[in-house]
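# Reading the structure
Take a look at the letters that make up each chain.
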Amino acid sequence: MESNFNNGDLRVTPGMETNWRITSKWAMFFAVLGFIVTGLYLLSALAIIPALRMMAAMGTLPEPVNSLIGSFSWVIVLLYLGALACVFLLALYHLRFSNSINRALNFTDQNAFANAWLNLRNHFRLYGIMTITFIALYLIMLVAVLIFVGRMTDTGANY
Amino acid sequence: MLGMFFGGLMSVNSGTAEGMVVVVLLFLYAALLFFPAWYYYKFSTLTKLAINTGDNNALEDGFDYLKRFYKFIGILVIVVIALYVLFLIFGIAMLTNMRSTF
C-alpha cells in the first residue's frame, strides 16, 4: 500500500464524532444480539447432537446420510462449534469496537481509537473469510449434486 | 433472487392480483439487498479516497455511509425480530383456537 497520506490533512470533525457514536450504538446492539444467538445455538447444540446420534443409531434416516452421520458425527459437531465460534468472535469484535470508540471519544484516548478500528477491521476480515467459505461450500455442493444427478441419470438410462 | 424474478414475471403473465403482490415484494426485497451494499460500497470508496488524497470531506462522508449501513441493518434486524414475535403469537393463537374447536 502506498502511504502518501498526510496526517495534517485529515482531522476529526464533529460530524464524524456523531457518526461514530451512532455507529457504536448499533455495533453494541449487534454484539448483544450476537451473544444471545451464540447462547441459543449452544443450547440447541446440546439437543441436536444427541438427537443426531440417536437417529443414526436407530437408522431412521435415508441410507447414505445415516451412515455418514453415524461415522462422522464428530465432524458435524466440530463444524457446528467452528461456526458458533465465528459468530461469537464477530460479536466480540463489535463489542470491543463499540467500547473502544466510545472511550476514545470520551477521553481523547489515541490507543483506544487505534484499537477500535483494529477490531472493526478484524470483524470485517472474519466476515469476509466466512462469506468466501460459504460461497466455496455452495459451489462444492452444486458440483457434488450435479455429479450425483449425472450418475443417477446414467444408471437410469440402463433400465 | 433470480428464481423470484422469473416467478414474479410468470405470475404477472398470468394476469392475477397475486402477480402484482409478488412483484411488489420482489422490488422490496431488491431494495433491502441494494441499500446495504450501496452504503458499504460508498464507505469503502470514500474512505480509500480520503486516505489516498487527504480529503477530509470524503472521510466524513465515508463514515456517514458506515453509520447509515449500521442503522439500516439494525432497523431491518429489529423489524425481522418483531415479525418473528408477531408470527409466534399468531401461530400460538391459531393453535389454541384449533384446539378449542375440537
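Every value quoted in this text rests on a predicted model; they were computed, and no experiment measured them.

Rules behind the numbers
Residues numbered from 1 in each chain as written. Chains lettered and ligands numbered in written order. Predicted model: local features only at pLDDT ≥ 70, side-chain atom pairs only at ≥ 80, totals over all residues. Heavy atoms only, no water. Core = buried A, V, L, I, M, F, W, Y, C linked by side-chain atoms within 4.5 Å. Buried < 20%, exposed > 50% of the residue type's maximum accessible area, 1.4 Å probe, protein only. Helix = DSSP H or I, 4+ residues; strand = E, 2+ residues; numbered from the N terminus. Contact = heavy atoms within 4.5 Å. 1 Å grid on protein atoms, 1.4 Å probe; cavity = no way out; pocket = protein on both sides within 12 Å on 5 of 7 lines; lining within 4 Å. Points joined across faces, edges and corners; volume = space filled by probe spheres on them. Nonpolar A, V, L, I, M, F, W, Y, C, P; charged D, E, K, R; others polar. Buried area = accessible area lost by both parts, 1.4 Å probe. Salt bridge = Lys/Arg side-chain N within 4 Å of Asp/Glu carboxyl O. Polar contact = N/O pair within 3.5 Å; in protein donor to acceptor, adjacent residues only side chain to side chain. Phe/Tyr/Trp six-rings, centres within 6.5 Å; stacked < 30°, edge-to-face > 60°. Lys NZ or Arg CZ within 6 Å of the ring centre and 35° of its normal.

### Observations concerning the nonpolar core
Grouped together as the largest cluster of nonpolar side chains are 23 residues, with contacts concentrated most on A:W20, A:F97, A:W117, B:F63, B:L66 and B:Y70. No other element matches the seven residues that helix α3 (residues 56–101) of chain B contributes to this core. With residues near it in sequence (within four places) discarded, B:L66 still touches A:T23, A:W117, A:L120, A:F124 and B:F43.

### Comments concerning the layout of surface pockets
Residues and elements named next belong to chain A. Estimates place the volume of the largest pocket at around 1600 Å³. Lining the largest pocket are 37 residues, and of these V87, L90, Y127, M130 and F134 sit closest to its centre. The leading source of residues in the lining of the largest pocket is helix α2 (residues 63–107), at ten residues. Taken together, the residues of the lining of the largest pocket break down into 31 nonpolar, six polar and no charged.

### Quick notes on the interface of chain A and chain B
Facing 23 residues of chain A, the contacting portion of chain B comprises 21 residues. When the area that chain A buries against chain B is broken down by residue, the three leading residues are A:L10, A:N19 and A:W26, summing to 27%. Applying the counting criterion to the chain A and chain B interface returns zero salt bridges. At the junction of chain A with chain B, the criterion picks out three residue pairs in polar contact (both at pLDDT 80 or more). Of all the elements in the fold, those that place two or more residues in the side of chain A that touches chain B are α1 (14–58) and α3 (110–158) of chain A. It is α1(A) that contributes the most residues to the side of chain A that touches chain B, eleven residues altogether. The class makeup of the residues in the side of chain A that touches chain B is 13 nonpolar, seven polar and three charged.

### Observations regarding the packing of aromatic side chains
Evaluation of the coordinates by the stated rule reveals 22 aromatic pairs over all chains. Note on A:W20 and A:W117: the rings are 5.9 Å apart at their centroids and 65 degrees apart in plane angle, and the pair reads as edge-to-face. Of the two residues, A:W20 sits in helix α1 while A:W117 sits in helix α3, which places them 97 residues apart along the sequence. Each member of the pair, A:W20 together with A:W117, is buried. Between the aromatic rings of B:F35 and B:Y39, the centroid separation amounts to 6.0 Å while the plane-to-plane angle is 45 degrees, which identifies the pairing as tilted. Here the residue B:F35 and the residue B:Y39 both occupy positions in helix α2 (residues 17–53), the gap between them amounting to four residues, near one helical turn. By relative accessible area, which is 33% here, B:F35 ends up partly exposed. Three or more aromatic residues joined by ring pairs form one cluster here, namely A:W26, A:F29, A:F30, A:F124, B:Y40, B:F69 and B:Y70. For the cation-ring pair, B:R68 lies above B:Y65, with the distance from its terminal atom to the ring centre recorded as 4.8 Å.

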